[in-house]
Amino acid sequence: MNGSDAVTIALVAIAIFVLVVLSRSVRIVPQARAGIVERLGRYQRTLGAGLTLLVPFVDRLNPLIDLREQVVSFPPQPVITEDNLVVSIDTVIYFQVTDPKAATYEIADYISGVEQLTVTTLRNVVGGLTLEQTLTSRDQINAALRGVLDEATGRWGLRVNRVELKAIDPPPTIQGAMEQQMRAERDKRAAVLTAEGFKQSQILTAEGERAAAILRAEGERESQILRAQGEAEAIQTVFRAIHDGNPDQELLAYQYLQMLPEIARGDSNKIWIVPSEIGKALEGLGSVVGNLGPDANRPGTG
């Protein structure tokens, strides 16, 4: 090996060394990520998004931490209610890392820590509720879980934004009983609605019949009033005509005799009432007939 080959090898080695140094000293942190830098094994600083330089072979960059909101779904957990029934509850946690240093050094695995804390808190909260309260108090359980988790995970550099219960599954036997109860409630509501409808129908029918009877009565009353008024006007008209004509006793007797056949035609007319003045009126009847002349003897003249 001559001198030129040795120089070439040295230059190549230097170039490789420089590339290694640059690769270990230059770091690019993406947006919404954070990096923990340790110098000689001790915490040195927290890197934000962008380009940064490290001291080669002295500084070490830990795995980047995601600062975005994370969603973690935990498997169903058996929980005992206050009335000693076992229910299976699925939970979903929405949290975010706010302090990368605390999330790195205060707990080894914050995901596992959040899961275990969620299970224990859920059992404490649901243990004080009955099955019916558990099924109908999702918001109350969510708020209780969020308050406890947010306070407990604060020292881990985490912030719990929301806690949701995906499903609350009671035992199959309880589910069957609940379904029967729901069917009974629906049947009861249907029966009540049917009875209410029939009642309203009967009320409306009665009100309609009452209104119709009132209208019929009012119509009959108006009809009777009109008939009475017509008869009264007819009587007044006849009375005025008789009064204006100034009839004598002979004419009245003659008119009475003409009405006798009509009076006798009825089957119920067994007794005739003859006015006391009829005798005096008949005394002049001969002269009335004589004045009528020969036409009085013609058929149909009286």
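Refer to the preceding data block for the structure.
Residues numbered from 1 in each chain as written. Predicted model: local features only at pLDDT ≥ 70, side-chain atom pairs only at ≥ 80, totals over all residues. Heavy atoms only, no water.

Peer 1: Any chance you could explain the overall build of the chain here in plain terms?
Peer 2: Summing up its helical and strand segments, the chain has 9 helices and 9 strands in all. For the chain, with 302 residues in total, the buried portion stands at 22%. For the chain, the share of sequence-separated contacts (at least 6 apart) that also reach a separation of at least 24 residues comes to 63%. Working note: accessible area of the chain is about 20700 Å², and carbon and sulfur atoms make up 58% of it. (Helix = DSSP H or I, 4+ residues; strand = E, 2+ residues; numbered from the N terminus. Buried < 20%, exposed > 50% of the residue type's maximum accessible area, 1.4 Å probe, protein only. Contact = heavy atoms within 4.5 Å. Areas by Shrake-Rupley, 256 points an atom, 1.4 Å probe, with all protein chains shown as cover.)

Peer 1: Is there a simple way to explain helix α5 (residues 138-153) in this structure?
Peer 2: Along its 16 residues, α5 runs 22 Å from first to last C-alpha, staying within 8% of the 22 Å computed at 1.5 Å per residue. Turning to α5, its buried residues are I141, N142, L145, L149 and T153. One face of α5 carries all of its buried residues, which in axial projection span an arc of 95°. Turned more than 90 degrees from where α5 packs its buried face, D139, Q140, A143 and E151 sit exposed. (Expected span 1.5 Å × (residues − 1). Arc of directions from axis to C-beta.)

Peer 1: Please explain the sheet that holds strand β9 (residues 158-169) as it appears in this structure.
Peer 2: Consider a sheet: its strands pair through backbone hydrogen bonds, and that pairing is either parallel or antiparallel. Reading across from one edge, β7-β8-β9 is the order of the 3 strands in this open sheet, with antiparallel pairing throughout. Both edges of this open sheet fall to β7 (70-80) and β9, since each of them pairs with a single strand only. Looking at each pair of strands side by side, their axes are set apart by 25° on average, direction ignored. Pairing of β7 with strand β8 (residues 86-97) involves 9 bridges; the strand directions are antiparallel. Within the sheet, the bridge partner assigned to F74 lies in β8 and is T91. (Pairing = 2+ DSSP bridges. Axes fitted to C-alpha atoms, helices over the stretch in contact; angles between N-to-C directions.)

Peer 1: It is not clear to me how the pattern of salt bridges should be interpreted in this structure. Could you clarify?
Peer 2: Pairing of side chains with opposite charge becomes possible as their charged atoms draw close. Throughout the structure, instances matching the rule amount to 7 salt bridges. In this structure, E222 engages R221 in a salt bridge whose closest nitrogen and oxygen atoms are separated by 3.8 Å. Linked through salt bridges whose partners overlap, the residues forming this network are R33, D66 and R68. (Salt bridge = Lys/Arg side-chain N within 4 Å of Asp/Glu carboxyl O.)

Peer 1: What is the right way to look at the packing of aromatic side chains in this model?
Peer 2: When we look at a pair of aromatic rings, we describe it by the centre distance and by the angle of the planes. As enumerated under the stated definition, the model contains 2 aromatic pairs in all. For the pair Y43 and Y105, a centre-to-centre distance of 6.0 Å together with 80° between the ring planes defines the contact as edge-to-face. Residue Y43 is found in strand β3 (residues 42-47), and its partner Y105 is found in helix α2 (residues 100-105); the two are separated by 62 residues along the sequence. For R162, the ring lying beneath its charged end belongs to Y94, and the centroid distance is 4.6 Å. (Phe/Tyr/Trp six-rings, centres within 6.5 Å; stacked < 30°, edge-to-face > 60°. Lys NZ or Arg CZ within 6 Å of the ring centre and 35° of its normal.)

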